[in-house]
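Observations on the model geometry
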Amino acid sequence: MLSDKLKANLYRIVFLLYLINNTLFYILTNSIEVLHAYQAADVIKSALNCLLGLMALCVFVFFEKDRKVYHSSKIAFLFFTLLVITLHCLLTLNLGKTLFFLLDLMINLILLSIFVSARQFSVLKGNKFVCILYAYISVLILIWLIENTFIHISPAFDNQVIFSNYLSFLVIVMLCVPKPDSLTYKVTDGLLFISVFAIAAINSARTGILVLCVAGIIIVIQHYATYLNKKLVLAFFSATLICGLFFLKFSSSLGRYFILKNSLALVAKYPFGGVGLNHFSFHYNLQQAEYFEKNNGTEIEKYLADNIYTPNNEILQLLIELGGICFILIFLFWLKVIYEDLKSAKKNRPSSYIWYTSVLILFLISYPLHNSIFAYTLLISWFFLPTITPPKQVYLSPKKISFVLALPLLILISCLSFYVIQFKHLNEWKNTEYNDDISEFSYKKYDAIEPGIYYNDKFLFKYSQVLYSGGQFTKAESTLNKLLKYRCSIFFLIYRSDIEFAAHHYQEAEKTLKLAINIAPNKFITRSKMMYYYLNTKDTLQAKKQAALILKLPVKVSSQIITDIKGQCVSLLKN
């Protein structure tokens, strides 16, 4: 048998590799263009998580003498959430893209359960971890500074704003981690705080700015409580921040209010069962189109309207997608866990308030759960911040322990096999795309690959294009419709109208273009497509009406495309 020290070191190595794989390594693999283009980085990350899970299970099985099993209420909550979401997906016949999410969550929960049972979250205490956290934040700042050289932040994050919000949250974690009362640590905290605040300000990341400011306010109140009226200071700074951030991006704030209005209409439409996980985009954009079709909308609403993929509010999106019943079940369990967490955080209560307040802000005005690195960091930090609640030992018979160990082993091996097969098919897709020019018969090669790739939005779009080029219009449209259910965008709708027009389904093509226009009435590209549709169907009068409307549209951002469209409209009206 291994010594306790060596056994602890093995756990520690697996745990640190787990942290690296889901953060820095994932950023690096996503910066490799070919891996990002085929969404292979996600498959690699999940496959490595399976391997790490198997390693952790081996350490537990072969080197634990007493085979003690521990659990925490947080693990119980996460498994309960996974169960509720899985049942909801089954009842709504919606496994689609959610399968990857559910498998990834299951693998992470198995790993976290092992680490909780091995009491490995104690690794996240002490000076060494603080130094690792400092280094990680510094590396991300450095990557941001050298962006567009050889490492790219953008592929791993949706945009610079969500990256700034992620950095801001890391600073919150840094402030909450217990550390010695030393000048060196205080200066380092201050420098990183200022650096990240500057990045958030440069990228106009309101959520990141708000999170950092609120944390600063709580720290000021904590240290100067004897000299200041806490409630007065909190009220003054909160009012100043909210007003300041609202006017910092005034048009964006109005846009968020418009999104909120349509999102609440969706809640009223689907109060109990929801629209289905990952179906927000499809149903929201239909709701927005219906709003403009029925109410015509104000000029500012038409100007701000665009493709919407998230309401920038995780709580609202979960309510819309899961419905009231599932949402209430999860929310009540979550409140119970939070209450237990805060109750046990006696000496570290200010850090608890900072962490939970920051998470609440992120959930209300951003979408951290929709970025895998951000969601992972939130999950991990929740297990050791604001307090490390000691896990409770569970006494199980040898048979039950065998079952507890056999089930995750079977799941990890099955998932690993699944990801290996997925990677193989992605590689076949890459080779097909690289080695073959698109011809009218290329769709046959894609037909052979398609059954092996479970769900990949980039593959679905490419597959639809290849089918279209091969004259397989019906199949091209049905393939594109699969994609539209998860990511309803104006660009995809325009492409669907092209397929319908090529198949001589002119009424359907016109209907699709009208839907695209109703989602965002002031889009030049959709209006111009409608104009060309009428020209191609010899309806010159309607084409001229569209041209006149296009010339009246306000320009958000000037571009050569808009200039060309306007020039074509002028020529049409003159002729």
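Bear in mind the structure is a predicted one, so any value in this text is a computation, not a measurement.

**Points about the overall build of the protein**
When helices and strands are counted, the protein shows 26 helices and two strands. Long-range pairs, those at least 24 residues apart, make up 74% of the contacts in the protein with a sequence separation of at least 6.

**A look at the pattern of salt bridges**
Under the definition given, this model contains 13 salt bridges. Salt-bridge contacts for K514 lead to E510; the nearest nitrogen and oxygen are separated by 3.6 Å. Placement of both K514 and E510 in helix α23 (residues 506-519) is noted, with a separation of four residues, approximately one turn of the helix.

**Topic: the packing of helix α8 (residues 160-176) against helix α9 (residues 183-202)**
In helix packing, the relevant descriptors are the interaxial angle and the interaxial distance, both defined with respect to the helix axes. At a minimum axis separation of 9 Å, α8 and α9 run at an interaxial angle of 160°. Relative to α9, the element α8 is oriented roughly antiparallel. Judged by the twist between their axes, the crossing of α8 over α9 is left-handed. Along its contact with α8, which presents S164, L167, S168, V171, M174 and L175, the element α9 presents D189, L192, F193, V196, I199 and A200. Tallied by class, residues from the contact of α8 with α9 come to nine nonpolar, two polar and one charged.

**Considerations on the packing of aromatic side chains**
In total, this model carries 38 aromatic pairs according to the counting rule given. For the pair W429 and F459, a centre-to-centre distance of 5.2 Å together with 90° between the ring planes defines the contact as edge-to-face. Within this pair, whereas W429 is found in helix α18 (residues 398-435), its partner F459 is found in helix α20 (residues 457-469), the two being separated by 30 residues in sequence. Given a relative accessible area of 2%, F459 falls into the buried group. Their ring planes at 90° and their centres at 5.7 Å tell us that Y468 and Y495 sit as a pair that is edge-to-face. With Y468 in helix α20 and Y495 in helix α22 (residues 490-502), this pair connects stretches of sequence that are 27 residues apart. An aromatic cluster of three or more residues is present, and its members are F157, F163, Y166, F169, W355, Y356 and F374.

**So, α9**
The first and last C-alpha atoms of α9 sit 28 Å apart over 20 residues, in line with the 28 Å expected at 1.5 Å per residue. All buried positions along α9 are accounted for by Y185, D189, L192, V196, I199 and A200. End-on, the buried residues of α9 take up no more than an arc of 100°, which puts them together on one face. Turned more than 90 degrees off the buried face of α9, the exposed positions are L183, K186, L191, I194 and I202. Measuring from the side-chain oxygen of the N-cap residue of α9 to the backbone nitrogen of T184 gives 3.3 Å; that N-cap residue is S182.

**Comments concerning the side chain of K45**
With respect to the element layout, K45 can be found in helix α4 (residues 40-63). The exposure class of K45 is buried, given its relative accessible area of 6%. The residues touching K45, leaving out its near neighbours within four places in the chain, are N21, N22, Y26, D104 and S372.

**Focus: the environment of C326**
Summarising the element assignment, C326 is placed in helix α15 (residues 314-344). Under the relative-accessibility criterion, C326 is labelled buried at 13%. Residues C326 and G274, 52 residues apart in the sequence, show an inter-C-alpha distance of 8.9 Å. Discounting chain neighbours no more than four positions away, the residues touching C326 are V84 and H88.

Cut-offs and rules
- Residues numbered from 1 in each chain as written.
- Predicted model: local features only at pLDDT ≥ 70, side-chain atom pairs only at ≥ 80, totals over all residues.
- Heavy atoms only, no water.
- Helix = DSSP H or I, 4+ residues; strand = E, 2+ residues; numbered from the N terminus.
- Contact = heavy atoms within 4.5 Å.
- Salt bridge = Lys/Arg side-chain N within 4 Å of Asp/Glu carboxyl O.
- Axes fitted to C-alpha atoms, helices over the stretch in contact; angles between N-to-C directions.
- Parallel < 35°, antiparallel > 145°, perpendicular 65-115°, else oblique.
- Left-handed = near helix turned anticlockwise from the far one by under 90°.
- Nonpolar A, V, L, I, M, F, W, Y, C, P; charged D, E, K, R; others polar.
- Phe/Tyr/Trp six-rings, centres within 6.5 Å; stacked < 30°, edge-to-face > 60°.
- Buried < 20%, exposed > 50% of the residue type's maximum accessible area, 1.4 Å probe, protein only.
- Expected span 1.5 Å × (residues − 1).
- Arc of directions from axis to C-beta.
- Polar contact = N/O pair within 3.5 Å; in protein donor to acceptor, adjacent residues only side chain to side chain.

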